[in-house]
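# Structural overview
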Amino acid sequence: MNKLALSIISLTTLAASAGNPVYLDTKASIDDRVADALGRMTMEEKVNLLHAQGKFYSGGVPRLGIPGLWMSDGPHGVRAEINWNDWGYAGWTTDSITAFPALTALAATWNPSLAQEYGRALGEEALYRGKNVMLGPGVNILRTPLNGRNFEYMGEDPYLAGELVGPYIEGLQSTGTAACVKHFALNNQEKWRGTVEVKISDRALYEIYFPAFKKAVDAGVWSVMGAYNKIWGQHCCHNDRLLNQILKGDWGFDGVVITDWGGAHDTREAATNGLDIEMGSYTNGLTTEADGFSFNDYYLADPYLALLKSGEADEATLNDKASRVLKLIFRTAMAPEKQVGALCTPKHYDVARRIGSESLVLLKNQGNILPIDPAKYGKILVVGNNATRALNEGGGSSELKVKDMISPLQALQELWPGKVEYAEGYTSGRPLYEQHENIDTAALAQLRQEAVAKAKEADLVIYVGGLNKNAYQDCESTDRESFNLPYQQDLLIEQLAAACPNIVVVNLSGNPVAMDWADRVPAIIQGWYLGSMGGYSLADVISGKVNPSGKLPFSIPYKLEDVGAHSFGEKAYPGVESATASGTLIPGSVVEAGNNPVVDYCEDILVGYRWHDTKKIPARYPFGYGLSYTTFDYSKPRLSAKQITQGENLTVEVDVTNTGNVVGAETVQLYISDPKSSLPRPIKELKGFKKVSLQPGETATVAFTVTPAELSFYDPAKGWVAEPGKFIVTIGNQKADFTLK
Ligand code: BGC
């Protein structure tokens, strides 16, 4: 038989199965489509699905017309196009998007329905840009305020992060775009991120660092990104216990495990330890690549094929990996009903603006200086580099190219035309990765003097400073080196406050910062990287158009030593290096590798407020804290029963009344304490929250259901246990507490 006849026969066979081959039949179930496609593929074609073919593209099956997966960062907007095989930007003119507020901002809204809107709007932008997988959201827990990447995560509490990650994923995936929750697990510092081995108890893993990932899986996330670091002697991207046993085994994850870019290091481990798609190998994931490597050299490319052919790697595992990838393709690129996306629509801008304004946390408002009544002030001076800086730039892989970006200065000038002057106050250089940029102190002194001179003439100063996305601040690949604000801002704020007592300080950051000047200023707003509409979000709150309702998603300590991770010396952060050199881990990398560093999570489960409460070390502003322009009264909480037995639920109700003159939203928080238990527990843990919006004088009843799950802790010997005994339910907003036993 000649070749032509052969291909005619195979075409007829394909067509015979149901008019269309099953894998192309959009009415068939995904599992049937996967099985059919897999049955038609050669070993080489299966391997081809498992590794990159471009910086953000993984292979498909061209012979069968099955496309590969287009991926993009994530998590705050769709990243600009990158060159096919280097980290440079491709310079397209069609890839400007909406920057949504950072995930810390989303966390500060404490509003799951906004998380859903966020995911949906982001998914629509991803669709328009032709992306199948968005690399986010990130849910690594804030363990230290020095971690350069906390701005991409959702704070210090696993319950809060877990309640927000699910709706974000559901919103995103409702567009047929996969979420890729990251970085699984324990990527809690950037220093030595590629090599550090984390030592941690199972209890801390299950109680603190796993729950948000587990909730992402429960919400049906289609992909998970492995972390760069190691645990139990293996890198997280190919880690038998983490990926095979826990993620895919215990939690029943049916999606795809993708490496972080350059997170794979070994073919045998990659083959057997739960990895499905390998990306970014032989690069540092951000700026560099090694010479002389091609996509066929990836661990899950030719080297894996060789193991399969020699029988050293088994085909069942290959089929499992390939099936998972095919499933992801049928869920996204070849989904039955492809939707049409949109970029930068009024609706997307509205979502971004509302998330931004709901995220702002009013920390202090002495004499009700806020909201600003412009009639009271002749001259208003805005000071600070962050009032004008494009905060979408820098920060690493989450960097965005925006179509529009409203700065705080622009928004305030639009709000009060002709009234607002500006002084930079400090300068901050450009976003550069892995490099210090030393700012000349003489230049800072001059800018400071100019701003202070103008402040003396002003009736009101609005200071907009904080961190930015430069290396060693809120930026991937480096950690912060100081808890204080950079560029001598502490000094600047003190001098401005002395020059003009009517001063509002707006701190924009993705991390807690030292606020040693807090007592010298009447008003403080904690803000974040607020995205395209950020200036309007801020102006909405400053002007009172929106009543602030954000609550801190992390504690703001007085000083770094008050943080659990910083209470045990170097071994607990950043870890210690061993005497033996670890060699070049990532060829071509300039990211600090360290010599086999090990970091020991000595504070165990006492992360964030769990540490502050239990060790009786008060935070300057506690987790969950945030003021409003109105006031709320709480009734005494009511319990449905004084006693419950295993299997029963308890209802806790409380009435909340808006006792002020303006509409406002309040996040009612429920904490559980277990004063007597067989293992020590934190003083209290967040186990419920609800946000209610109330008109002046209006009362709402907020009800929580407490189940044994909320009373449980993780006993390494027994798993999750709810022990008999007395529990304390605390309802409040971290300001006014009501307790009930
Ligand atoms: C980051 C990931 C990111 C990936 C692709 C890595 O350096 O850690 O979060 O998704 O690069 O840009």
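Above this text you will find the structure in question.
The shown structure was predicted, so the numbers you read here are calculated from the model rather than taken from an experiment.

Lining the immediate surroundings of the ligand are 15 residues, of which Asp73, Arg149, His183, Asp260 and Glu476 lie closest. Contact distances for the ligand include 2.5 Å between an oxygen atom and a side-chain N or O atom of Asp73. At 2.7 Å from an oxygen atom of the ligand is found a side-chain nitrogen or oxygen belonging to Arg149. Across the complex, the protein chains shield 100% of the 310 Å² of accessible surface that the ligand would expose by itself. When its residues are assigned to classes, the shell around the ligand shows five nonpolar, three polar and seven charged.

Another point: helix 15 (residues 441-457). Here helix 15 contains 17 residues, and its C-alpha end-to-end distance of 25 Å stays within 8% of the 24 Å for a straight helix at 1.5 Å per residue. For helix 15, the full list of buried residues reads Leu444, Leu447, Arg448, Ala451, Val452 and Ala455. The arc that holds every buried residue of helix 15, seen down its axis, measures 135°, which confines them to one face. Opposite the packed face of helix 15, turned more than 90 degrees from it, sit the exposed residues Ala442, Gln449, Lys456 and Glu457.

For the rest of this paragraph, the subject is the pattern of salt bridges. For the coordinates displayed, the defined rule picks out 44 salt bridges. Between Lys215 and Glu163 there is a salt bridge, with the nearest N and O atoms lying 2.8 Å from each other. Here Glu163 lies in helix 6 (residues 158-173) and Lys215 lies in helix 8 (residues 211-218), a separation of 52 residues in the sequence. For Lys215, a relative accessible area of 25% puts it in the partly exposed group.

All right, on to unusual backbone geometry then. For the bond running from Lys182 to His183, omega is -5°, close enough to zero to count as cis. Of note, the amide linkage connecting Tyr573 to Pro574 takes the cis form, showing an omega dihedral of 0°. In this structure, Pro574 sits in the loop between helix 17 (534-543) and strand 17 (598-600). Positive phi, normally seen in glycine, also occurs at Trp110, with a value near 50°. Within the secondary structure layout, Trp110 lies in the loop between helix 4 (103-109) and helix 5 (112-128). For Trp110, a relative accessible area of 0% corresponds to the buried category.

Okay, the sheet that holds strand 8 (residues 230-231) next. Judged by pairing direction, the sheet is mixed, and its four strands sit side by side in the order 9-8-6-17 without closing on themselves. In this open sheet, the two edge strands, each paired with only one partner strand, are strand 9 (234-235) and strand 17. Across three bridges, strand 6 (residues 197-199) lies against strand 17 in parallel orientation. Counted as the bridge partner of Glu197 is Val598 from strand 17.

The next subject is the state of the cysteines. On inspection of all chains with the given rule, the structure shows zero disulfides. Of all cysteine sulfurs in the structure, the one in Cys237 sits closest to Cys475, which takes part in no disulfide; the separation is 20 Å. Under the relative-accessibility criterion, Cys475 is labelled buried at 0%.

This brings us to the nonpolar core. Generally speaking, soluble globular proteins have nonpolar side chains that are buried together. By size, the foremost hydrophobic cluster in this structure holds 207 residues, and its most contacted members are Ile66, Met71, Phe184, Tyr209, Trp261, Ile462 and Ile542. The element contributing the most residues to this core is helix 6, with eight residues. Beyond its immediate chain neighbours, meaning those up to four positions away, Met71 contacts Phe56, Ser58, Lys131, Val133, Leu135, Ile258, Trp261, Ile277 and Met279. The next biggest cluster of nonpolar side chains, apart from the first, holds 20 residues, and it includes Tyr634, Val702, Val706 and Val729.

Before going further, it helps to spend a moment on the sheet that holds strand 14 (residues 460-466). The sheet built from six strands is open, its strands ordered 11-16-15-14-12-13 with mixed pairing. One side of each edge strand has no neighbouring strand; the edge strands of this open sheet are strand 11 (361-365) and strand 13 (420-423). Each strand axis lies, on average, 20° off the axis of its neighbour in the sheet, ignoring direction. Sheet topology note: the strand 11/strand 16 (residues 523-527) ladder contains four bridges and is antiparallel. For Val361, the partnering residue across the bridge sits in strand 16 and is Gln526.

Definitions and cut-offs
Residues numbered from 1 in each chain as written. Predicted model: local features only at pLDDT ≥ 70, side-chain atom pairs only at ≥ 80, totals over all residues. Heavy atoms only, no water. Near = heavy atom within 4 Å. Polar contact = N/O pair within 3.5 Å; in protein donor to acceptor, adjacent residues only side chain to side chain. Areas by Shrake-Rupley, 256 points an atom, 1.4 Å probe, with all protein chains shown as cover. Nonpolar A, V, L, I, M, F, W, Y, C, P; charged D, E, K, R; others polar. Helix = DSSP H or I, 4+ residues; strand = E, 2+ residues; numbered from the N terminus. Expected span 1.5 Å × (residues − 1). Buried < 20%, exposed > 50% of the residue type's maximum accessible area, 1.4 Å probe, protein only. Arc of directions from axis to C-beta. Salt bridge = Lys/Arg side-chain N within 4 Å of Asp/Glu carboxyl O. Pairing = 2+ DSSP bridges. Disulfide = S-S within 2.5 Å. Core = buried A, V, L, I, M, F, W, Y, C linked by side-chain atoms within 4.5 Å. Contact = heavy atoms within 4.5 Å. Axes fitted to C-alpha atoms, helices over the stretch in contact; angles between N-to-C directions.

Purely geometric numbers; function is a separate question.
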